[in-house]
Amino acid sequence: MKIYNFLFLIVLILFFTNCDKAGCTDPEACNFDMYAEEDDNSCRYLEEYFDCEGNCLNDSDDDNVCDEFESFGCLDEEAINYNPDATDNNGICVYSGLGVTDVDNNFYNSAIFGEQEWMIENLKVTHYRNEDSISTGLTGSEWANLSNGAYSIYNNDPHNATIYGNLYNWFSVEDDRNIAPEGWHIPTDEEFMELEIFLGMNELDALGTSWRGTDEGSKLKADTLWIYQYQSSTIKSGFEAIGGGVRFYFSTELYLGLDYYCRFWSLSEGDTTLAWSRELSYNNTMVSRHLQYKQNGFSVRCVKDY
């Protein structure tokens, strides 16, 4: 009986030894099986960002997302800049405001950035809050010698006013009759800084001059009404800045920069001839802070009173 059992065992060993074994037969695969005689399509390979087990090769913050695939953005579905593709919240969620109507009955959409609510369209009002008319239609020499409020329309084309808003000198911005809608005001230099810091600029950069920050300018810009945008793929904040151009203070009637850059006045004065402004450009991702001559014609955005 023992001999028969032994012979039966030998037969089983020979039977299974001769059977084709299935497995991964590719020597380049992570799970190559040198004993497999038939490929079962189970081969796994080392990838650019993942090991053989599918784990990230570079996950510095241990969040189970490869660093190469990290995507920061707003994860709140109620926000206007909600980013469904983001893997991590960047804390910069912007919400739709109620908007505002000026004395000429122009309506402007608005958005809430942290503790501030801003108009997200350029001002186009032609009267002060008390309904006095703002001066306009001035020649180059008249414009250059002004010391009171006035506005222009880029190239004197009414179509541009509809799309880009008006270009106001600083004297109209600081006029006590107020060009801002009721309950709103022209932002100070410090209020611009608050917006920039909310969008990611560090405080030291915000206090600087010329081009500052990293990509805050790109975040402020709209997707359209720019000739093109360097790094335009940066996530937008909803501020919707457009390339409204400027009217310079020279004695010739000089308009420049439509769709190339825009400048915004702040209420903050530098000295008797200069005031603080902000500039965004098609070919720069940052925000410029500069003192500019008050006779220049720039775009205007308003911020809601606290």
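Student: Residue-level account of the overall build of the protein, with values.
Tutor: Assigned secondary structure in the protein consists of seven helices and 19 strands. Here the protein, with 306 residues, has 43% of them falling under the buried criterion. Here the protein has roughly 16300 Å² of accessible surface; of this, 51% comes from carbon and sulfur atoms.

Student: Give a description of a nonpolar patch on the surface that names residues and reports values.
Tutor: Together, Ile227, Tyr228, Tyr230 and Tyr260 give the surface a local cluster of nonpolar side chains, amounting to about 440 Å² of exposed area. Positionally, Tyr228 belongs in the loop between helix 7 (216-220) and strand 14 (244-247). With relative accessibility at 48%, the residue Tyr228 sits in the partly exposed group.

Student: Mind laying out the pairing of strand 9 (residues 116-119), listing which residues take part and the relevant values?
Tutor: Residues Gln116 and Trp118 of strand 9 are buried on one face, and the alternating residues Glu117 and Met119, pointing to the opposite face, are buried as well. Where strand 8 (residues 110-113) lies against strand 9, four bridges are found, and the strand directions are antiparallel. Within strand 9, the position partnered with Ile112 by the bridge is Glu117. Connecting strand 8 to the antiparallel partner strand 9 that follows it, the hairpin turn spans two residues, and Gly114 within it adopts a positive phi of roughly 65°.

Student: I'd like a rundown of unusual backbone geometry, residues and numbers included.
Tutor: Positive phi, close to 80°, is recorded for Glu131, a residue that is not glycine. Position of Glu131 among the secondary structure elements: in the loop between strand 9 and helix 2 (140-144). The exposed category is assigned to Glu131, whose relative accessible area is 57%. A positive phi angle, near 65°, is found at Glu240, a position not held by glycine. Mapped onto the elements, Glu240 comes out in the loop between helix 7 and strand 14.

Student: Run through the state of the cysteines, naming residues and quoting values.
Tutor: For the coordinates displayed, the defined rule picks out two disulfides. The partner cysteine of Cys74 in its disulfide is Cys93, sulfur to sulfur 2.0 Å. Taking the sign of the S-S torsion, about 105° here, the bridge from Cys74 to Cys93 comes out right-handed. Placement of Cys74 in the loop between strand 3 (72-73) and strand 4 (88-89) and of Cys93 in the loop between strand 4 and strand 5 (94-96) is noted, with a sequence separation of 19 residues between them. The pair formed by Cys74 and Cys93 is uniform in burial state, with each residue classed as buried.

Student: Break down the environment of Thr214 for me, citing the residues and quoting the values.
Tutor: Considering the arrangement of structural elements, one finds Thr214 in the loop between strand 13 (210-212) and helix 7. Each C-alpha atom, one on Thr214 and one on Asn202, is 9.5 Å from the other, the two residues being twelve residues apart in sequence. If sequence neighbours within four positions are ignored, Thr214 has contacts with Thr285 and Met286.

Student: A description of the pairing of strand 16 (residues 261-269) should follow, citing residues and the corresponding values.
Tutor: When a strand is regular, its side chains alternate between the sheet's two faces. For strand 16, the tally of buried residues reaches seven of nine residues, placing the bulk of the element in the interior. Where strand 16 folds back onto strand 17 (residues 274-281) in an antiparallel hairpin, the turn is made up of four residues.

Student: Quick one: what's the story with empty space enclosed by the protein, residue by residue and with numbers?
Tutor: Rolled over the atoms, a probe sized like a water molecule indicates the empty space that remains. As enumerated under the stated definition, the model contains two cavities of 30 Å³ or more in all. By volume, the largest cavity is sized at about 60 Å³. Classifying every residue of the lining of the largest cavity by side-chain character gives three nonpolar, three polar and two charged. Of the volumes computed, that of the second largest cavity is approximately 50 Å³. Elements represented by at least two residues in the lining of the second largest cavity include exactly helix 5 (189-198) and strand 17. In terms of residues, the lining of the second largest cavity owes the most to one element, helix 5, which gives three residues. The residue makeup of the lining of the second largest cavity, split by class, is seven nonpolar, no polar and two charged.

Definitions and limits used
Residues numbered from 1 in each chain as written. Predicted model: local features only at pLDDT ≥ 70, side-chain atom pairs only at ≥ 80, totals over all residues. Heavy atoms only, no water. Helix = DSSP H or I, 4+ residues; strand = E, 2+ residues; numbered from the N terminus. Buried < 20%, exposed > 50% of the residue type's maximum accessible area, 1.4 Å probe, protein only. Areas by Shrake-Rupley, 256 points an atom, 1.4 Å probe, with all protein chains shown as cover. Patch = residues over 30% accessible without salt bridge, like charges linked within 9 Å, V, L, I, M, F, W, Y side chains within 5 Å. Salt bridge = Lys/Arg side-chain N within 4 Å of Asp/Glu carboxyl O. Pairing = 2+ DSSP bridges. Disulfide = S-S within 2.5 Å. Contact = heavy atoms within 4.5 Å. 1 Å grid on protein atoms, 1.4 Å probe; cavity = no way out; pocket = protein on both sides within 12 Å on 5 of 7 lines; lining within 4 Å. Points joined across faces, edges and corners; volume = space filled by probe spheres on them. Nonpolar A, V, L, I, M, F, W, Y, C, P; charged D, E, K, R; others polar.

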